[in-house]
Amino acid sequence: MAKQKEEKTNAMRILEAAGIPFETLSYPVDESDLSGVHIAKELNLPAEQVFKTLVAKGSKNGYLVFVIPVAEELDLKKCAIAAGDKRVEMIPMKDLLPLTGYLRGGCSPVGMKKPFPTYFDETATLFDRIYLSAGQRGKQFCLDPMALCAFLGAEFGDLTM
């Protein structure tokens, strides 16, 4: 019997083309609980090593992407400081898909419709590998945070409460 070929997301294709090594993990999607903490439990991973991607808008710098541990909450004041902005607000959920091309629960910092300034919580530097959405619900990347941030031109900062 032929081995079933894994369906690649746009984010996977982008990282492959850039030569950034990654592994993918799959998990069953629970539409009633799309939280990153739930995903970490499904994959039997420590929540502090699994990251979520959040999109916000700065008062002067426009759209911004923040990648933080799934069990943490974004501190918008710290985010504004990191982005050199006066004020930062989360975008409405209805704007996520048209802006990024991603659904809630499957948003990746890789492969958005347009590149936006991206910031990773500094705790990502504590790990050789982190986990984050591969651009589709049910798929996660496992990769080197330093390589990913270098590719994205992202910065590290204190972003959580």
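Above this text is the structure in question.
First, a word on scope: everything that follows refers to the structure included in this document. Computed from a predicted structure; not experimentally measured.

Side chains of nonpolar character tend, in soluble globular proteins, to be buried together. Formed by 27 residues in total, the largest nonpolar core has its most connected members in Leu15, Val55, Phe120, Phe141 and Leu143. Where this core is concerned, the elements lending two or more residues are helix 1 (10-18), strand 2 (51-58), strand 3 (62-69), helix 4 (96-100), strand 6 (130-133), strand 7 (139-143) and helix 5 (145-152). Beyond its immediate stretch of four places on either side in the chain, Phe141 contacts Ala11, Met12, Leu15, Phe22, Glu23, Thr24, Ser108, Ile130, Tyr131, Leu132, Ser133 and Ala134. Counting residues in each nonpolar core, the second largest holds 12 residues, with Ala56, Leu64, Leu74 and Tyr119 among its members.

Once that is clear, we can look at the packing of aromatic side chains. Taken as a whole and judged by the stated rule, the model has 4 aromatic pairs. Pairing Phe22 with Phe141 gives two aromatic rings, centres 5.0 Å apart and planes at 70 degrees, and the pair type is edge-to-face. Here Phe22, found in the loop between helix 1 and strand 1 (23-26), pairs with Phe141, found in strand 7; they are 119 residues apart in sequence, far enough to count as distant. Relative accessible area serves as the criterion here: at 0%, Phe141 is assigned to the buried category. Geometrically, the ring pair formed by Phe66 and Tyr119 is stacked, given 5.5 Å between the ring centres and 25 degrees between the ring planes. Here Tyr119 lies in strand 5 (residues 118-121) and Phe66 lies in strand 3, a separation of 53 residues in the sequence. Overall, the relative accessible area of 8% leaves Tyr119 in the buried class.

Quick look at the environment of Pro115 now. Within the secondary structure, Pro115 sits in the loop between helix 4 and strand 5. Residue classification places Pro115 among the exposed residues on the basis of a relative accessible area of 80%. Along the chain, Pro115 and Arg104 lie 11 residues apart, while their C-alpha atoms are 18 Å from each other.

Scoring rules and cut-offs
- Residues numbered from 1 in each chain as written.
- Predicted model: local features only at pLDDT ≥ 70, side-chain atom pairs only at ≥ 80, totals over all residues.
- Heavy atoms only, no water.
- Core = buried A, V, L, I, M, F, W, Y, C linked by side-chain atoms within 4.5 Å.
- Buried < 20%, exposed > 50% of the residue type's maximum accessible area, 1.4 Å probe, protein only.
- Helix = DSSP H or I, 4+ residues; strand = E, 2+ residues; numbered from the N terminus.
- Contact = heavy atoms within 4.5 Å.
- Phe/Tyr/Trp six-rings, centres within 6.5 Å; stacked < 30°, edge-to-face > 60°.

Everything listed is a geometric property; what it means functionally is a separate question.
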